[in-house]
Amino acid sequence: MFNLDVIIMKKLIFLLAVSITLLNYQHIYAQTFVEDTIPNVFPLWGCSGAWTDYDNDGDKDLLLSGIDSNGYRNAKIYRNDSNSVFTDINANTILDGTSSGSVAWGDYNNDGLQDILITGYNGAFVLTKLYYQSGGTFIPDIITLPEVTLGEAKFGDYDNDGDLDIAITGLHAPLHGSWYNLAKIYRNDVGGVFTDINAPLIPLQNSSLDWGDMDNDGDLDLLLIGVDSNNVDHANIYRNDGSNIFTDISAGLTGVRGDVCKWGDYNNDGKLDLFITGYNGSIPKFIIYKNTGSNTFIPITTSIEGGPSGDADWGDYDNDGLLDIIISGNNSTIKVTHVYHNDGGDFFSLLPQSFPGLNTSTALWADYTGDGKLDFIISGETNTSGQILTKLYKQPSGTGITEHGQTIYNISIYPNPSSGKFSVGGKENISSIEITNILGEKVFATIVKQQISNEIDISDSPKGIYFVKMFDGEKIYTEKIVVK
């Protein structure tokens, strides 16, 4: 016989569980993005992009390089003049526009101004060029670096001497001479000299790399993906052991070619995790690896679709302290752009909002509106053959993670990562700021004198991950910052 009371109770428990789940999903998905109307941002595909505050006015400006609808390569700098106004500064008359390459910002000459590093194919030949900034204009440097396409170059101070070094990978294609795969680290020796340290990296093309302190020892390690000359896919972590020594830790990652790899502490445990995306052979892959310490990385199971021939980026768009993901590219059946919310506990949920699917694209988070909430840009080729677009999406006022109906975050920290000097500002009524390291030890504390922007300097502290705790008398707001 069935006990009717038990059956009714089970149904009630089930309905309660469903209700709680729906409430949680409403909490997660209450936040949406709206397309920003930016009339003068040039549509590009086969592109790469990077954000920074190049004019030091407190907002994010945009560098974008790729192919326009007429087949010409363009490199554009859009100055952020606030209120969704971006001004083309006509830098394309100086910068070499490229495709199948990369762009990066960094102050490599330590003059306090952001400079530019560009790689790729400009329509006539392959190049790698540095441009230094002088009063808001950019001038080509005479520094020579190996020309690469189908790869990437990034700044990073791996030797902690206070200046930016360069890691570079891709197909080395000089104007005269043989082409071959390459992966190198160049030490910045100041005075316009970059020295190849002969790091034992696997030469790769269709490759990507990223700097990050994966073992929290205070120096930058290197993540590298791509395909070698024998058509074997790779994903390798090189530990920085000091004295210009980099050691492959044999992390056992699945090799991929093509797209992007990035460090990011998605579970907020103070250890850098990572994702890789691209093709393993002909199979699209997107894999998140959890850093469990002792040079060990384990893959987690997610429903995130691979998006080869595209881009992906970490970013905490809802300010809940957990890194979310944007991914754009071709998942073998259709071009996609998806945002995945980090639900905690190794779970990611697809945000049920439709964005244009893009191929040969870039997708990057940035708080370009300066309201303390992440926005994003996507740029590439759409599902309609030959159509290209560049779009920015922002979070409207009043959105953001909420607690009992009250917005609890309206704070921005920039730049992040930083050299140890950064600003904390926003519209919350913050009374004091405290900064701790990953061991919970206090390294900085101050009373807030102004709500607009507070300058913080912890550059004397070791490089690594820190937590900025802000107090308003009732609540504590915590944000992570990386000091490089």
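Q: Go over the pattern of salt bridges with me, naming the residues and quoting the values.
A: One side chain can pair with another of opposite charge once the charged atoms of both are near each other. By the definition in use, this model includes 15 salt bridges. One salt bridge connects R257 with D233, and the closest N-O pair in it is separated by 2.5 Å. Of this pair, R257 sits in strand β18 (residues 257-264) while D233 sits in strand β16 (residues 233-240), and the two are 24 residues apart along the sequence. A relative accessible area of 17% places R257 in the buried class. By relative accessible area, which is 15% here, D233 ends up buried.

Q: So what about the side chain of T390? Which residues, and what values?
A: Counting through the fold element by element, T390 comes out in strand β28 (residues 388-394). Only 3.2 Å separates the side chain of T390 from the backbone nitrogen of L44, close enough to count as a polar contact. Side-chain polar atoms of T390 contact the side chain of S379, separated by 2.6 Å. Those residues in contact with T390, other than ones at most four positions away along the chain, are V41, F42, P43, L44, L64, I377, I378 and S379.

Q: Residue-level account of the sheet that holds strand β12 (residues 180-188), with values.
A: Read across the sheet, four strands follow the order β10-β11-β12-β13 without closing on themselves; strand pairing throughout is antiparallel. Edge positions in the open sheet fall to β10 (148-156) and β13 (194-196), since each of these has one partner strand only. Mean inter-strand twist for the sheet, computed between neighbouring axes without regard to direction, equals 25°.

Q: So what's going on with the confidence of the model for the protein? Residues and values would help.
A: In this model, the protein carries an average pLDDT of 87, and 86% of its residues clear a pLDDT of 70 or more. In this model residues 4-30 is a low-confidence stretch, pLDDT under 50, and it forms eleven contacts with partners more than four residues away in sequence or in other chains. pLDDT under 50 marks residues 399-409. Its contacts with residues more than four places away, or in other chains, come to 28 contacts.

Q: If you had to explain the nonpolar core to someone new, which residues and values would you point to?
A: Counting 19 residues, the largest nonpolar core has I237, L253, W263, L274, I276 and F297 as the members making the most contacts within it. Looking at this core, the elements that each hand over two or more residues are β15 (221-227), β16, β18, β19 (273-280), β20 (283-293) and β36 (464-471). Those residues in contact with F297 that sit more than four places away from it in its chain are M214, I237, I249, A251, L253, W263, L272, L274, Y289, K290 and N291. V424, I433, I458 and V483 belong to the second largest nonpolar core, which has 16 residues in total.

Q: Which residues make up unusual backbone geometry, and what are the values?
A: In this model, N416 is joined to P417 through a cis peptide bond whose omega is 5°. Within the element layout of this structure, P417 appears in the loop between β31 (411-414) and β32 (421-426). In this model, S243 sits at a positive phi of 55°, which is unusual for a non-glycine residue. Secondary-structure assignment places S243 in the loop between β16 and β17 (246-248). Within the chain, S294 stands out as a residue other than glycine whose phi angle is a positive 55°. Overall, the relative accessible area of 72% leaves S294 in the exposed class.

Rules used in this analysis
- Residues numbered from 1 in each chain as written.
- Predicted model: local features only at pLDDT ≥ 70, side-chain atom pairs only at ≥ 80, totals over all residues.
- Heavy atoms only, no water.
- Salt bridge = Lys/Arg side-chain N within 4 Å of Asp/Glu carboxyl O.
- Helix = DSSP H or I, 4+ residues; strand = E, 2+ residues; numbered from the N terminus.
- Buried < 20%, exposed > 50% of the residue type's maximum accessible area, 1.4 Å probe, protein only.
- Polar contact = N/O pair within 3.5 Å; in protein donor to acceptor, adjacent residues only side chain to side chain.
- Contact = heavy atoms within 4.5 Å.
- Pairing = 2+ DSSP bridges.
- Axes fitted to C-alpha atoms, helices over the stretch in contact; angles between N-to-C directions.
- pLDDT = per-residue confidence, 0-100.
- Core = buried A, V, L, I, M, F, W, Y, C linked by side-chain atoms within 4.5 Å.

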